[in-house]
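Below are the chains, spelled out letter by letter.
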Amino acid sequence: AAESQRMQSLLEIANNAMTYRSRYQRSVEAGPVLDLLVLDESNPRSLAYQFVALEEHIRQLVGEVLDSRWPEEQRIAMRSLTSIRLIEIEAMARANAGQQRAALCQTVATLRGELVALSDAITRRYLSHARPSRTVTDLGGRP
């Protein structure tokens, strides 16, 4: 009962309770909830939808790739989206004896790390324009 209540609360927070009821027409279970909130690329509140949009934004940011190696930010975005698409929802939904979903926790931690790496790659490529500092003597020859 507590598990079902937590899943229902999660659906409410994600504003997907009505979608869940109309799509699955059954009691709230972890597998279908995770399917809706993680894998459904047509659901704007899902992780997959957000990563599809992120990957598209990165593709537009990078533009046409002229060499054989894609930029780091594009590789990270593609790798993250692919890892989401390859998720086995049954494994994610399976809880151990302590009611922990180890596969889900590991996936979330991995994606979090990928997002940090993506942020760093974008910052390095597009936002960091630091130049070496110059002293006053560099400007006019006098200190």
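Residues numbered from 1 in each chain as written. Predicted model: local features only at pLDDT ≥ 70, side-chain atom pairs only at ≥ 80, totals over all residues. Heavy atoms only, no water.

A. Structural view of the packing of aromatic side chains. A complete count under the given rule lists one aromatic pair for this structure. Seen in terms of ring centroids, Y20 and Y24 are 4.9 Å apart; in terms of plane orientation they differ by 40 degrees. Their pairing is tilted. Linking Y20 with Y24, this pair stays in helix 2 (residues 17–24), spanning four residues, or about one helical turn. Since its relative accessible area comes to 1%, Y20 is described here as buried. According to the relative accessible area criterion, Y24 is buried, its value standing at 17%. (Phe/Tyr/Trp six-rings, centres within 6.5 Å; stacked < 30°, edge-to-face > 60°. Helix = DSSP H or I, 4+ residues; strand = E, 2+ residues; numbered from the N terminus. Buried < 20%, exposed > 50% of the residue type's maximum accessible area, 1.4 Å probe, protein only.)

B. Seen up close, the layout of surface pockets. When its volume is computed, the largest pocket comes out at roughly 180 Å³. Every residue lining the largest pocket is listed: E3, R6, M7, L10, A14, L34, L37, R45, R101 and L104. Elements with a minimum of two residues in the lining of the largest pocket: helix 1 (2–13) and helix 3 (30–39). Among the elements that make up the lining of the largest pocket, the one with the highest residue count is helix 1 (four residues). Of the residues belonging to the lining of the largest pocket, the class tally is six nonpolar, no polar and four charged. (1 Å grid on protein atoms, 1.4 Å probe; cavity = no way out; pocket = protein on both sides within 12 Å on 5 of 7 lines; lining within 4 Å. Points joined across faces, edges and corners; volume = space filled by probe spheres on them. Nonpolar A, V, L, I, M, F, W, Y, C, P; charged D, E, K, R; others polar.)

C. Focus on the environment of E88. Tracing the chain through its elements places E88 in the loop between helix 5 (72–85) and helix 6 (89–93). For the pair E88 and D35, spaced 53 residues apart in the sequence, the C-alpha separation amounts to 9.4 Å.

D. Summary view of the nonpolar core. With 22 residues, the main nonpolar core has L11, Y20 and V33 as its most contacted residues. The set of elements that each furnish at least two residues to this core consists of helix 1, helix 2, helix 3, helix 4 (47–62), helix 5 and helix 6. No other element matches the six residues that helix 3 contributes to this core. Apart from residues lying up to four places away in sequence, L11 is in contact with N16, A17, Y20, V28, V33, L36 and L37. Counting residues in each nonpolar core, the second largest holds six residues, with I58, I76, A77 and A121 among its members. (Core = buried A, V, L, I, M, F, W, Y, C linked by side-chain atoms within 4.5 Å. Contact = heavy atoms within 4.5 Å.)

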